[in-house]
Amino acid sequence: MENRKKVAFYTLGCKLNFSETSTIARSIEDEGFDRVDFEEVADMYVINTCSVTENADKQFKQIVKKAMKLNNKAFVAAVGCYAQLKPEELAAVDGVDLVLGATEKFKITDYINDLSKNDMGEVHSCEISEADFYVGSYSIGDRTRAFLKVQDGCDYKCTYCTIPLARGISRSDELQNVLKNAKDISDQNIKEIVLTGVNIGDYGKGEFGNKKHEHTFLELVQELDKVEGIERLRISSIEPNLLKNETIEFVSKSRTFVPHFHIPLQSGSNAILKLMKRRYLREIYTERVNKIREVMPHACIGVDVIVGFPGETDEHFLETYNFLNEMDISYLHVFTYSERDNTEAATMEGIVPANVRAKRSKMMRGLSVKKRRAFYESQLGSNRTVLFESENKEGYIHGFTENYVKVKTPWNPELVNTLHEINLTKIDEDGSVRMEFISALI
């Protein structure tokens, strides 16, 4: 057993990437590797890249440098979205030995023959049109919740987005396979499953390799709600045009789905939404939020918003700001627009200066802080259920309620991965909420 090789992983980007890293890790472990932390010396480092985060290339170089510092003879592989979009660029980074695109990343074990360093990174990257088969994945072991991938790829043509170029067409896992993975997760004493995908509301498309919908997202939600042993199911992020009233109503009455929705808006100005080629107008968004509030007044509603998109004037920005300020939402994820090669928006007129983008981002982030605080305050005095996480942060254990309020209480290792009924008492100076126990559930 002494000479087993060690492999370490670093994941950039979204929950879907974390889920896929876990699947790739399991396949490498099956080949006789031991997984270690990225901070440790390993024989091989695998970096799962992202094309959405800003400074993706700079971040990537820093991570490779870190790996080389730990072991300059280590084999370094880059996989994922950025590896699909800019394989040659990543291969040229000092220390990189292998670059695998969208389909190859799941067959990584086919490419790592002897782990000897290459002078120049080897590229294996298919044309993205070939990324039409589905690899199911879920991540487990790193957290008290699991990310279950149900869908991949996207058929939308949003003008700022590289994801269709990086991940290919919309395709789904077969319903029976999703249910089997959910059961596997619950058998490992994981209490919460987060459903992930690139465009999960489009679930059902390409389920059996064809373009029609065999099942719908609502059917997926209804079937998952019946799986024994799962305490909580959370929908990660769903397009407003694909979040149907029937799904909202089902979640409000369901056994396991929690009252938390993350719904990308991107802009509160219809003029900008049209330039972005989004598939809804702001009125649809208002309808969705109002419907959620009607049937789940205590629900947490998160919003994605992009600032500084080409053509966004001060008036457009204020339209978005006021739209969100007046809306009963709980927090924002704010993205500053940045140009991406091979996207329609990169050639649009009306470029917003970098300093204006930064100012708008700061304003939106300030609004997010205000919204989250107001949401937390609205929950004080109420009884909720908390699932505690595994980390000891400065003598405290943290957890999230079903409606995504972050709570803290003095560290006690016995609380890790347990559910408790609690009362939310006051907001702490760090922004999380203090609580009192009512009873232990599990």
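Since this is a predicted model, take the numbers as computed values, not measurements.

Thresholds, definitions, all that
Residues numbered from 1 in each chain as written. Predicted model: local features only at pLDDT ≥ 70, side-chain atom pairs only at ≥ 80, totals over all residues. Heavy atoms only, no water. Helix = DSSP H or I, 4+ residues; strand = E, 2+ residues; numbered from the N terminus. Expected span 1.5 Å × (residues − 1). Buried < 20%, exposed > 50% of the residue type's maximum accessible area, 1.4 Å probe, protein only. Core = buried A, V, L, I, M, F, W, Y, C linked by side-chain atoms within 4.5 Å. Domains from an automatic or database assignment. Contact = heavy atoms within 4.5 Å. Patch = residues over 30% accessible without salt bridge, like charges linked within 9 Å, V, L, I, M, F, W, Y side chains within 5 Å. Areas by Shrake-Rupley, 256 points an atom, 1.4 Å probe, with all protein chains shown as cover. Salt bridge = Lys/Arg side-chain N within 4 Å of Asp/Glu carboxyl O. Lys, Arg positive; Asp, Glu negative; His and termini not counted. Charge placed at Lys NZ, Arg CZ, Asp CG, Glu CD. Buried area = accessible area lost by both parts, 1.4 Å probe. Polar contact = N/O pair within 3.5 Å; in protein donor to acceptor, adjacent residues only side chain to side chain. Nonpolar A, V, L, I, M, F, W, Y, C, P; charged D, E, K, R; others polar. Pairing = 2+ DSSP bridges.

With that settled, consider helix H12 (residues 354-379). The terminal C-alpha atoms of H12 lie 38 Å apart, and with 26 residues this matches the ideal 38 Å at 1.5 Å per residue to within 8%. All buried positions along H12 are accounted for by Arg-357, Arg-360, Ser-361, Met-364, Leu-367, Ser-368, Lys-371, Phe-375, Tyr-376 and Gln-379. Downstream of H12 by a residue or two, Gly-381 has a phi angle that is positive, lying close to 90 degrees.

Here we take up the nonpolar core. If you look at the biggest cluster of nonpolar residues, it comprises 52 residues, and the most contacted ones within it are Leu-148, Leu-195, Leu-220, Leu-224, Ile-292, Leu-324 and Met-364. Counting residues domain by domain, this core receives three or more from each of domain 2 (132-258) and domain 3 (265-276 + 294-377). Filtering out sequence-adjacent residues up to four positions away, Met-364 remains in contact with Val-305, Val-307, Phe-317, Thr-320, Tyr-321, Leu-324, Leu-332 and Val-334. Formed by 24 residues, the second largest nonpolar core is a distinct cluster that contains Ala-67, Ala-78, Ala-83 and Val-96.

Once that is clear, we can look at a negative patch on the surface. A cluster of acidic side chains, namely Glu-29, Asp-30, Glu-31 and Asp-110, defines a negative patch on the protein surface. Its location among the elements puts Asp-30 in the loop between helix H1 (15-29) and strand S2 (33-36).

Mapping Glu-312 onto the fold places it in the loop between strand S14 (300-307) and helix H11 (314-326). When residues no more than four places from it in sequence are discounted, the contact partners of Glu-312 are Ile-272, Ile-306, Val-307, Phe-317, Val-352 and Arg-360.

Accessible area lost upon the coming together of the parts serves often as the stated size of an interface. What the domain assignment reports for the chain is domain 1 (6-130), domain 2 (132-258), domain 3 (265-276 + 294-377) and domain 4 (382-437). With centres defined by C-alpha atoms, the gap from domain 2 to domain 3 works out at 25 Å. Residue-level contacts link 12 residues of domain 2 with 16 residues of domain 3. For the pair domain 2 and domain 3, the two sides together bury roughly 970 Å², of which 68% comes from carbon and sulfur. Here domain 2 is connected to domain 3 by four residue pairs in polar contact (both at pLDDT 80 or more). Broken down by class, the residue content of the side of domain 2 that touches domain 3 amounts to six nonpolar, four polar and two charged.

Take the sheet that holds strand S11 (residues 192-196) next. The mixed open sheet is built from four strands, whose spatial order is S7-S8-S11-S12. Since the sheet does not close on itself, it has two edges, and those belong to strand S7 (138-139) and strand S12 (232-235), each with one partner. Bridge analysis of S7 against strand S8 (residues 145-149) gives two bridges, and the strand direction is antiparallel. Note that in S8 the partner of Tyr-138 across the bridge is Leu-148.

Our next topic: the side chain of Ser-236. Relative to the elements of secondary structure, Ser-236 occurs in the loop between S12 and helix H8 (245-253). Given the relative accessible area of 12%, Ser-236 is considered buried. There is a polar contact of 2.7 Å between the side chain of Ser-236 and the backbone oxygen of Leu-195. Not counting chain neighbours up to four residues away, the residues in contact with Ser-236 comprise Lys-15, Val-194, Leu-195, Thr-196, Ile-200 and His-262.

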